[in-house]
Amino acid sequence: MKFTEKLYDGFTYFDGGCGSILQAQGLQPGELPETWNVNHARIIQQMHFDYLLSGVNVLTTNTFGANPYKFGDEGEYSLKAVISAAINNARIAIEAVEKGVDLDGNPLCEEDLKLVAKDHFIAFDISSLGKLLKPIGNLDFEDAVTAFKAVVRAGVDSKPDLVLVETMTDGYEAKACILAAKEESDLPIVLTCAFDESAKLLTGTPPKAVVAMAEGLGVVAVGINCSLGPEQMIPAVEEIAEYASVPVVCNPNAGLPRSENGKTVYDVGPDDFAESMSKIIDAGAVVLGGCCGTTPAHIRALNIMSRSKTPSKITKKNHSIITSYTHAVEFDKKPILIGERINPTGKSKFKQALRDHNIDYIIQEGLTQQDNHADVLDVNVGLPEIDEVAMMVEVVTELQSVTDLPLQIDTTDPIAMEKALRIYNGKAMVNSVNGKEEVMEAVFPLVQKYGGFVVALTIDEDGIPDTAQGRIEIAKKIYKKAAEYGIDKKDIIVDPLCMSISAQPDSALVTLEAVRLIRDELGGKSSLGVSNISFGLPQRIIVNSNFFTMAMQCGLNAAIMNPNSVEMMKAYYSFNALSNIDNNCGEYIEFATSIPETTVVSPSGAAAGSADQVKSAGAGGANKDPLIEAINRGLKDRAASITKEYLESKESIEIIDGYLIPALDIVGKGFEAKTVFLPQLLMAAEAASAAFDVIKAKMNEAGGDSEKKGKVVMATVKGDIHDIGKNIVVTLLENYGYEVFDLGKDVPPELIVETAKANDCKMVGLSALMTTTVPSMEETIKLLHEEGVDTKVVVGGAVLTQEYADMIGADKYAKDAMETVRYAEELFAK
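Because the structure is a prediction, the values reported are computed rather than measured. (Residues numbered from 1 in each chain as written. Predicted model: local features only at pLDDT ≥ 70, side-chain atom pairs only at ≥ 80, totals over all residues. Heavy atoms only, no water.)

1. Looking at unusual backbone geometry
- Cis geometry is found at the peptide bond from lysine 134 to proline 135, where omega equals 10 degrees.
- Mapped onto the fold, proline 135 is located in the loop between β3 (121–126) and α7 (141–156).
- The linkage connecting asparagine 431 with the following residue, serine 432, adopts the cis geometry, with an omega of 20 degrees.
- A positive phi angle, close to 60 degrees, is found at lysine 159, a residue other than glycine. (Helix = DSSP H or I, 4+ residues; strand = E, 2+ residues; numbered from the N terminus.)

2. Some words on the confidence of the model for the protein
- Residues with a pLDDT of 70 or more make up 96% of the protein, whose mean pLDDT is 93.
- Contacts for the low-pLDDT stretch residues 615–623, under 50 throughout, to residues beyond four places or in other chains number 15 contacts. (pLDDT = per-residue confidence, 0-100. Contact = heavy atoms within 4.5 Å.)

3. Digging into the sheet that holds strand β22 (residues 739–742)
- Within the open sheet, the five strands sit side by side as β22-β21-β23-β24-β25. Their pairing is parallel. Unpaired on one side and paired on the other, β22 and β25 (812–813) mark the two borders of the sheet.
- Summarising the sheet, strand β24 (residues 792–796) and β25 pair through two bridges and their orientation is parallel. From the neighbouring strand, valine 794 faces β25, where its bridge partner is lysine 812.
- Packed onto the sheet, helix α28 (residues 724–735) meets β21 (711–716), β22 and β23 (763–767) and runs at close to 165 degrees relative to β21. (Pairing = 2+ DSSP bridges. Axes fitted to C-alpha atoms, helices over the stretch in contact; angles between N-to-C directions.)

4. Digging into the sheet that holds strand β10 (residues 287–288)
- Across the sheet, eight strands lie side by side as β1-β10-β7-β6-β5-β4-β3-β2; this open sheet has parallel pairing. Edge positions in the sheet fall to β1 (12–13) and β2 (58–60), since each has one partner strand and no second.
- Relative to β3, helix α5 (residues 79–99) is tilted by about 155 degrees, and along the sheet it contacts β2 and β3.
- Lying over the sheet, helix α8 (residues 171–184) contacts β3, β4 (162–168) and β5 (189–193), oriented at roughly 170 degrees with respect to β4.

5. Some remarks on the pattern of salt bridges
- Under the defined criterion, the tally for this structure stands at 39 salt bridges.
- Note that lysine 149 and glutamate 183 form a salt bridge whose closest N and O atoms lie 2.9 Å from each other. Taken together, the residues lysine 149 in helix α7 and glutamate 183 in helix α8 connect sequence positions 34 residues apart.
- The salt bridge partner of glutamate 183 is lysine 449, with a shortest N-O separation of 2.8 Å. On the criterion of sequence distance, the pair formed by glutamate 183 in helix α8 and lysine 449 in helix α17 (residues 437–450) is long-range, its members being 266 residues apart.
- Residue glutamate 183 is classed as partly exposed on the basis of its relative accessible area, which comes to 26%.
- On the accessibility criterion, lysine 449 (24% relative accessible area) is partly exposed. (Salt bridge = Lys/Arg side-chain N within 4 Å of Asp/Glu carboxyl O. Buried < 20%, exposed > 50% of the residue type's maximum accessible area, 1.4 Å probe, protein only.)

Here it is as structure tokens:
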């Protein structure tokens, strides 16, 4: 039986923890677990063997941290050597069990074999590179893909059965890894991510957004692992199961970790684990296993418990979803607003901005539309005289640096489309395909590879049909062709096109009938470029807004429109209120109270002052100080420019204390309240840093220097190369005015102690991601105390808890970067 077949045949069992078991076998703090594939192969084989006897189907290779940043191309411990050995160790264990013998060839008794599964598979385990991707980190997306490709190439020759992309905290890095696996192998791919207690990734992504992206990329199963125990994972599993059309995976930790005699142990035993996993099964998971702290005994108890349970039926879900890196937008009852302003058609200023490479102007168009409640931003940068491919990539990248709205990639150039879809962080909307064979054959392979929600125009080789039914027939043809590429109808949104009523008097009626038929006959989704209906007419906004209402009444799911127009937004909010889509008329009331009771319509057809009127109700906060707003939005260049202006009339310290720190506090409080997420936090810090640099340059010219609040040592402990969390803290501390001695990753305790002593640092921050490296943290704290260093120690990392921090002698456990900053503020204020 193939792995992809086993996924749909009852429960599928993965194995459990690895690092915690190797620790018990003597793995030392800082020692790379993957080297044991070579120099302690028998221990690894025995671990796999024990898991097989507990009933697992899937053995996960001991390659969690195997990547080019840890292992080179040559030598006994080359990347290929440790990965090949890992896969071979798993295979040796499987071969022994399937022969009914132990690793020495001795026959196993019937009791030993009673839980052994019939089908066995080897999962080639790949996890994070330990670096943040741009724009919130330093690692380029394509560099990440290249690194993951090296990992995949090192393992495919050993013939594993699948690739497990696991413990991902950033959807963008997960995408890089999945693409690498797709481009270097034809193995099925399973994705599991590490969500926090609020069911979000480190970057703020919720489960349904992960599901939409992952399914678009073609994974065969998706789920959650690590970070939490099974009880804490239930809400995330429920949401994944609600949206996933593929099997749901759940591999929890054995509860929370603590330290005993220098070893990491967990607080949930096998029986309690099995009891909690029963609830996980009820929540919809059918692929079951464990992560940190779980053992063959945990998996055995899980296997026995689940024999009395019935797996959830895996059904196709019909949610039409696009995503950004922070959230999902679903096309359902509430019409979705797609902002049309990032498009040169009919916009002379925008055309000139493209010619002048004025990215700031383009970005501001996006931000204004976000303030005015657009749900999605259309991105069209096609002009004959510019390099559309390069401009599309740059604009998509820059927009995703400052806005969390999903984007619609709007281009007829397949190269520009592919480049944009490749680097897009999430699942994009794709505008567009049509009924022409050559267009479908160019676009659908890109959507098949990268995922996407495709706008389908009802035009083919014969043009645009005059009748609604003619347009429906083209839609059917597009659905059928898409299915040949594995693209479901839920990922198609049909645009039945509207032509101006000034040229075709029945155009509106035909289009509206087509919208209705798409809903009622096809069970599909529809979208329109609303403003086309009024081309050539005076006071176009009058026609546009009324047509918009009529289309929504016929079932329109999305409109490409101008959210800066007060008349269009009047139509939108009143329709939602009248249709009982807007609960208690809350959004309508917020909008209506932000505009004058009477709005004059100008001769051009736009509502006079409409952009300002609508903007006052937006999320951007038009009344904020411009420097504070620039920092909050992560606009580095603008923050630097405004700071230069302020320095002409204000003192440096006034700008720092009155604008920069308050701006960071606003974002920091939002992060703590989970209304702002890591990308926005880091981009704000980058913008503040740009402003600080301007101030530093001014002070250096005057012969002065900015006073630091205090000195801090930061390090990722010995043996751990994952410095994402540490780098986030460093960035924030520096922007809050602290002098930070960043010692990097894999730092020995002696260097941390020496640095803290030499520089009289009153605070030391220690970070660790992996269970196997937490003992290095304890060792460092112990050495700091033995050497009598007068400092406070803050610890953080995915595997840490307050109890664990207390046990290893830390002064403070910080659950996130902002908590570290708050602690520093309290500490140095004393």
